[in-house]
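Okay, here's what each chain looks like letter by letter:
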Amino acid sequence: MQEIDTIDTVSPAAHDAPVAAYADALFTLAVQQRASDIHLEPQQQGLVIRLRVDGLLHRVPSPAEQIPRRLCARIKIMAAMDIAEQRRPQDGRISTLGDGFQLDARVSSLPTLWGEKQVLRLVPANSSLLTLDALGLNQTQHAQLLEALSQPQGLILVTGPTGSGKTQTLYSALQWLNAEHRNISTAEEPIEIPLTGINQVAIRPSIGLDFAATLRALLRQDPDVMMVGEIRDDATASMAIRAAQTGHLVLSTLHTNSARATLLRLNQLGVSERDLTESLTLVLAQRLLRRLCGGCKKASQVTTKVGVRAQSAGFEANAAGCQRSLNGYHGRLGVFELSSGPGLFEPASNLGPTANTMQQGSTKSLRDSALTYHRSGDTSLAEVDRVLPSTIKQFC
């Protein structure tokens, strides 16, 4: 595992100054490296620190022996968490400066064998949200999404595994919809980014405020648009369908791999095919691919079985990287497949051999789009195979 830039060593002292300085340096490094998460993991040999950059974890050199325990306590204090409680998971939030920028982070602590593990999810500022134009949709997909968002009612689902950018897509859609004449409310666990002009409700299952209960309450708040962080159970699915059928535009997510899998999952949650036909407007499946660094990528070569070098086929990452990249990659790009219209509900047996979603599965169409990025030199074949392997199950 590659180590990224080293944090300056902080000299030991009896007061909190070195710990505060190390914490500030860690936040600054996270911002500089475009990290989405900071992991502080106590192990038998000491504290392991890793940053998640472009979807993958990279290790940072561990601090001096006197820093780790006090660093974890420092972060709990900054996040307004109970430093005396080390037996139960806790959640908190930090607002500080990192590399001169305002940094907001959600903090989660978890007791483990060697101490409390902490994960800090760095929350992007409202101003850094992508617009719909910048998500990476092609012209046809962009028009298809805008058409669905322009409907006065219906259910729009964004699907994909954890870390595939579903939340960013939903927030971008909400920003596009955000207007004075619309009442927009969300039910989230937790609230990722505060949005001006939108009523955001934090789910609190410990007091009975789950997604279904929140949706039920929102329906009495004269809503135009509702966003549900995730459809997890039959009660939430039922409420989302009901809201979509009674004149509201509902946006939500599901952890599925394809449009077909989305329909199957909703059927498993008790939603009838008739209700789906009446309410489901659009299913958007997506993934994120690491983008090759334009400054250090290199042409890839294909060799035949006899070892003869063939013509160059696309580009690959330069593992050594450069000052701008990490392992030869810098940033990520979205790959999407949108499914809507009557064909979304037709049985696979009724579809022709060229049908993309129902006949061949979302992942194949996503892979085709990813290979297009490879052929254009934006990503590597290795990255395509990592995110969208050709052997992936299509309807799981």
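Residues numbered from 1 in each chain as written. Predicted model: local features only at pLDDT ≥ 70, side-chain atom pairs only at ≥ 80, totals over all residues. Heavy atoms only, no water.

Observations regarding helix 4 (residues 166-177)
Owing to its 3.6 residues per turn, the α-helix brings residues three or four apart onto one side. Defined as follows: Each helix is a run of H or I in the DSSP string that is no shorter than four residues. Each strand is a run of E no shorter than two, and both are numbered from the N terminus. By definition here, a helix of n residues has an expected span of 1.5 Å times n minus one. When accessible area is computed with a 1.4 Å probe and restricted to protein chains, residues below 20% of their type maximum are described as buried, those above 50% as exposed, and intermediate ones as partly exposed.
With 12 residues, helix 4 should cover 16 Å at 1.5 Å per step; its first-to-last C-alpha distance of 17 Å lies within 8% of that length. For helix 4, every residue scored as buried is listed here: K166, T169, L170, Y171, S172, A173, L174 and L177.

A closer look at the pairing of strand 1 (residues 35-43)
Rule in force here: Note on pairing: DSSP must find at least two bridges between two strands before they are called paired.
Where burial is concerned, most of strand 1 is hidden: 7 out of the 9 residues are buried. Summarising the sheet, strand 1 and strand 2 (residues 46-53) pair through 8 bridges and their orientation is antiparallel. Note that in strand 2 the partner of L40 across the bridge is I49. Linking strand 1 to strand 2, which pair antiparallel, is a turn of 2 residues. Across 4 bridges, the pairing between strand 1 and strand 6 (residues 115-123) is antiparallel. When the sheet's bridge partners are listed, D37 is paired in strand 6 with R121.

Focus on unusual backbone geometry
Geometrically, the link from E189 to P190 is a cis peptide bond, its omega value of -10° lying close to zero. Summarising the element assignment, P190 is placed in the loop between strand 8 (184-188) and strand 9 (199-202). At R34, a position not held by glycine, the phi torsion is positive, near 60°. The residue R34 is located in the loop between helix 1 (17-32) and strand 1 in this model. At D222, a position not held by glycine, the phi torsion is positive, near 50°. Here D222 is to be found in the loop between helix 5 (211-218) and strand 10 (225-228).

What to know about helix 7 (residues 259-268)
For helix 7, the complete set of buried residues consists of A259, R260, A261, T262, L263 and L266. Looking one or two residues beyond helix 7, the residue adopting positive phi is G270, at roughly 95°.

Concerning the packing of helix 5 against helix 6 (residues 234-245)
This is how the line gets drawn: To define axes, lines are fitted to C-alpha atoms, for helices over the stretch in contact only, and angles between the resulting N-to-C directions are given on a 0 to 180 degree scale. Convention used here: angles under 35 degrees read as roughly parallel, angles over 145 as roughly antiparallel, angles from 65 to 115 as roughly perpendicular, and any remaining angle as oblique. Less than a right angle of anticlockwise turn of the near helix away from the far helix marks a crossing as left-handed, whereas a clockwise turn marks it as right-handed. Residue contacts follow a heavy-atom distance rule, with two residues in contact if any of their heavy atoms lie within 4.5 Å. Each residue is assigned to one class: nonpolar for Ala, Val, Leu, Ile, Met, Phe, Trp, Tyr, Cys and Pro, charged for Asp, Glu, Lys and Arg, and polar for all the others, Gly among them.
Where helix 5 meets helix 6, the closest approach of the two axes is 8 Å, and the angle between their N-to-C directions is 20°. The angle between the axes of helix 5 and helix 6 places the two elements in the roughly parallel class. Every pair of crossing elements has a handedness; the one defined by helix 5 and helix 6 is left-handed. Of helix 6, the residues touching helix 5 (which contributes F211, A212, L215 and R216) are A235, T236, M239 and A240. Residues of the contact of helix 5 with helix 6, tallied by class, amount to 6 nonpolar, 1 polar and 1 charged.

With respect to the pattern of salt bridges
Opposite charge on two side chains lets them pair, provided their charged atoms get close. Our working rule: By definition, a salt bridge exists where a carboxyl oxygen of Asp or Glu is found within 4 Å of a side-chain nitrogen of Lys or Arg.
One pass over the structure, following the stated rule, counts 13 salt bridges. Among the salt bridges present, the one from R106 reaches E192, with a minimum N-O distance of 2.7 Å. Placement of the pair is R106 in strand 5 (residues 101-112) and E192 in the loop between strand 8 and strand 9, with a sequence separation of 86 residues. There is no split in this pair, since R106 and E192 are both buried. The network of salt bridges with common partners includes E189, E230 and R232.

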